Amino acid sequence: MKRKVAVIGAGVSGLAAIRSCLEEGLEPTCFERSDDVGGLWKFSDHTEEGRASIYQSVFTNSSKEMMCFPDFPYPDDFPNFMHNSKLQEYITSFATEKNLLKYIQFETLVTRINKCPDFSTTGKWEVTTEKNSKKETAVFDAVMICSGHHVYPHLPKDSFPGLNRFKGKCFHSRDYKEPGTWKGKRVLVIGLGNSGCDIAAELSHVAQQVIISSRSGSWVMSRVWNDGYPWDMVVITRFQTFLKNNLPTAISDWWYMKQMNARFKHENYGLMPLNGTLRKEPVFNDELPARILCGTVSIKPNVKEFTETSAVFEDGTVFEGIDCVIFATGYGYAYPFLDDSIIKSRNNEVTLYKGIFPPQLEKPTMAVIGLVQSLGAAIPTTDLQARWAAQVIRGTCILPSVNDMMDDIDEKMGKKLKWFGNSTTIQTDYIVYMDELASFIGAKPNILWLFLKDPRLAIEVFFGPCSPYQFRLVGPGKWSGARNAILTQWDRSLKPMKTRDVGGIQKPCLYSHFLRLLAVPVLIALFLVLI
């Protein structure tokens, strides 16, 4: 009999899980509390308890070639950075094309997941669901949790003295939908992440004044990178990752900060991070620097205290007559249907092997998909996570011992603290992580072999964008169209912009960085010869 797998959530992680289960001969049943697929990307004009929520104007921060399912490219005419409605269209198309909808039970809430009494020998789970006020319990051989981590808002009101006296409106960015309500108002946004900056920039067109309060600052990047190409197709490459991980720390840090400051000097805008060398996820906002230049957005330090109508910042300045405070302070990781100790087994930290498997379980029959964060896109990450998890559940791949998994978690945590800081324990290095997962299932491309066998493809794979197609070139789930997709990715990215014919498509020189680096020792050698 096929092993039955409960999939919790029908967002991109859930769809990846369903498809991976089918590829491995498992029998998935997906439970989705809403009436549609899409999860985070399914826009609603009101917030719903237990569901992720976005504002109407959300666009993607990853470009279409870097955030697709690896065997399902976006249509050529889709823009590089998509409005949420466009991405929802793609997600729906994927679910339909791959025939996944029949495995989903919509408007069904998972209320509890418990180990079966014989879990230590069978690894089975009891999953209790509720639909139309009727509860049911079923037994599954495995569970894949795909409910995301943008559901339960973190609202640190206790960290701000006097907030209980504040008479204006006060809410989390999760409840923000559109700017019209705040026309002519004075708004304070707390938090310098993607949501905070998006909301502040949008409000600045209608509000009288918008101030962002930041405790530690952030790097702010543009979607438009060198020579006008999408940022991630230029930045997220194997070559750049190789340099970052192998150059001396001082040189790597200098190079990183130089890249971050290439568009504008963050010190001049009050945005400079307290520790600029940490690789914390940057903010992607093309408009914020211009709004600061125009004076409609100002950056201030952390709030020291609130009064009835104002905020006093740590530098002693005051923002008077505030109508609204919006907390863009992120989200907590919560799975109310599951015992907390399974996911957070020590120090209230997420302790999962490779960000997926709870290491202390007697049987590896539970996987968490989508609970990692990196500079790369979520869709290909969840796809690769789900492929490996399905193989572990099936028994094709075997996990190490508990001690080895815990040692690996400790080692990775140390590296994360060094690279990303204390507040981002679920952040990881995208390409290193993807290669690690791919190696477990035999899907990691062999770059040296590619240079011997297919040099043209090898150059694209190593020097070009680390696009999702690379992880369907070889191994289980190999896609026959992967090679062509890689060789034509720049054509698809540039096509939607060629709406006025002014000449041929101008593709980047993929190894220009390598040539520049090579020029340095050559110039030094020439200098030494001349003197």
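Keep in mind the model is a prediction, meaning the values are calculated, not measured.

## Let's talk about the overall build of the chain
Moving on, step 1. Counting secondary structure elements, the chain contains 17 helices and 22 strands.
Moving on, step 2. If you line up the chain on its principal axes, its C-alpha atoms span 70 × 65 × 50 Å.
Moving on, step 3. Every one of the 531 residues in the chain was classed for burial, and the buried ones make up 53%.
Moving on, step 4. A separation threshold of at least 6 residues defines the contact pool for the chain, and within that pool the share at least 24 residues apart is 68%.
Moving on, step 5. Accessible surface, the chain: about 24,000 Å² in total, of which carbon and sulfur atoms supply 53%.
Moving on, step 6. Counting 60 positive and 56 negative side-chain charges, the chain places the centres of these two groups 3 Å from one another.

## Observations regarding the pattern of salt bridges
Moving on, step 1. Counted under the stated rule, the structure contains 24 salt bridges.
Moving on, step 2. When the shortest N-O distance is used, the salt bridge between Lys 167 and Glu 308 registers 3.5 Å. With Lys 167 in the loop between strand S8 (152–153) and strand S9 (169–172) and Glu 308 in the loop between strand S15 (303–306) and strand S16 (311–313), this pair connects stretches of sequence that are 141 residues apart.
Moving on, step 3. Salt bridges sharing common partners tie together Arg 19, Glu 23, Asp 71, Lys 98, Asp 383, Arg 387 and Arg 472.

## Re the sheet that holds strand S10 (residues 186–190)
Sheet strands line up and pair through hydrogen bonds in the backbone, either parallel or antiparallel.
Moving on, step 1. Strand order in the open sheet formed by five strands is S9-S18-S10-S11-S14, and the pairing between neighbours is parallel. In this open sheet, the two edge strands, each paired with only one partner strand, are S9 and strand S14 (297–300). The average angle at which neighbouring strand axes cross in this sheet is 20°, direction not considered.
Moving on, step 2. Direction of pairing for strand S11 (residues 209–213) relative to S14: parallel, over a ladder of four bridges. Paired with Val 210 across the strands is Val 297, a residue of S14.
Moving on, step 3. Helix H4 (residues 194–203) rests against S10, S11, S14 and strand S18 (324–327) of the sheet, and its axis sits at about 165° to S11.

## What to know about the sheet that holds strand S3 (residues 104–105)
Moving on, step 1. Strands sit in the order S3-S2-S1-S7-S20 across an open sheet of five strands; the sheet is parallel. The open sheet has two free edges, formed respectively by S3 and strand S20 (366–368), since each of these has just one partner strand.

## Points about helix H12 (residues 430–441)
Moving on, step 1. In this model H12 runs 17 Å from its N-terminal to its C-terminal C-alpha over 12 residues, within 8% of the 16 Å that 1.5 Å per residue would give.
Moving on, step 2. Across the 12 residues that make up H12, a large majority, nine, are buried.
Moving on, step 3. The set of residues buried in H12 consists of Tyr 430, Ile 431, Tyr 433, Met 434, Asp 435, Glu 436, Leu 437, Ala 438 and Ile 441.
Moving on, step 4. One or two steps after H12, the chain reaches Gly 442, where phi turns positive at roughly 75°.

## Considering the packing of aromatic side chains
Moving on, step 1. Following the criterion strictly, the structure yields 26 aromatic pairs and no others.
Moving on, step 2. Between the aromatic rings of Phe 357 and Trp 388, the centroid separation amounts to 5.1 Å while the plane-to-plane angle is 90°, which identifies the pairing as edge-to-face. A residue pair is termed long-range when its members are at least 10 positions apart, and Phe 357 in the loop between helix H9 (340–343) and S20 and Trp 388 in helix H10 (residues 378–394) qualify at 31 residues.
Moving on, step 3. Classification of Trp 388 as buried rests on a relative accessible area of 3%.
Moving on, step 4. Note on Trp 388 and Phe 440: the rings are 4.6 Å apart at their centroids and 35° apart in plane angle, and the pair reads as tilted.

## Notes on the domain arrangement of the chain
Moving on, step 1. Domains assigned within the chain are domain 1 (4–151 + 333–440) and domain 2 (154–222 + 263–331).
Moving on, step 2. Facing 29 residues of domain 1, the contacting portion of domain 2 comprises 16 residues.
Moving on, step 3. Linking domain 1 with domain 2 are zero salt bridges, by the criterion used here.
Moving on, step 4. At four residues, helix H11 (residues 402–420) tops the list of elements feeding residues into the side of domain 1 that touches domain 2.
Moving on, step 5. Looking at side-chain class alone, the side of domain 1 that touches domain 2 contains nine nonpolar, 15 polar and five charged residues.

## Description of the environment of Phe 94
Moving on, step 1. Mapped onto the fold, Phe 94 is located in helix H2 (residues 84–97).
Moving on, step 2. Of the residues examined, Phe 94 reaches a relative accessible area of 0% and is grouped as buried.
Moving on, step 3. For Phe 94 and Val 12, which are 82 residues apart along the polypeptide, the C-alpha to C-alpha distance reads 9.7 Å.
Moving on, step 4. Those residues in contact with Phe 94 that lie beyond four places of it in its chain are Leu 15, Arg 19, Phe 69, Phe 72 and Leu 100.

## Some words on empty space enclosed by the protein
Moving on, step 1. Applying the stated rule across the entire model yields two cavities of 30 Å³ or more.
Moving on, step 2. The calculated volume of the largest cavity comes to roughly 400 Å³.
Moving on, step 3. The wall of the largest cavity is formed by 23 residues, among which Val 235, Lys 244, Tyr 256, Arg 279 and Leu 375 lie closest to the centre.
Moving on, step 4. Those elements that place two or more of their residues in the lining of the largest cavity are helix H6 (238–246), helix H7 (249–260), strand S22 (427–428) and H12.
Moving on, step 5. Residue contributions to the lining of the largest cavity peak at five residues, all from H7.

Rules of the game
- Residues numbered from 1 in each chain as written.
- Predicted model: local features only at pLDDT ≥ 70, side-chain atom pairs only at ≥ 80, totals over all residues.
- Heavy atoms only, no water.
- Helix = DSSP H or I, 4+ residues; strand = E, 2+ residues; numbered from the N terminus.
- Buried < 20%, exposed > 50% of the residue type's maximum accessible area, 1.4 Å probe, protein only.
- Contact = heavy atoms within 4.5 Å.
- Areas by Shrake-Rupley, 256 points an atom, 1.4 Å probe, with all protein chains shown as cover.
- Lys, Arg positive; Asp, Glu negative; His and termini not counted.
- Charge placed at Lys NZ, Arg CZ, Asp CG, Glu CD.
- Salt bridge = Lys/Arg side-chain N within 4 Å of Asp/Glu carboxyl O.
- Pairing = 2+ DSSP bridges.
- Axes fitted to C-alpha atoms, helices over the stretch in contact; angles between N-to-C directions.
- Expected span 1.5 Å × (residues − 1).
- Phe/Tyr/Trp six-rings, centres within 6.5 Å; stacked < 30°, edge-to-face > 60°.
- Domains from an automatic or database assignment.
- Nonpolar A, V, L, I, M, F, W, Y, C, P; charged D, E, K, R; others polar.
- 1 Å grid on protein atoms, 1.4 Å probe; cavity = no way out; pocket = protein on both sides within 12 Å on 5 of 7 lines; lining within 4 Å.
- Points joined across faces, edges and corners; volume = space filled by probe spheres on them.

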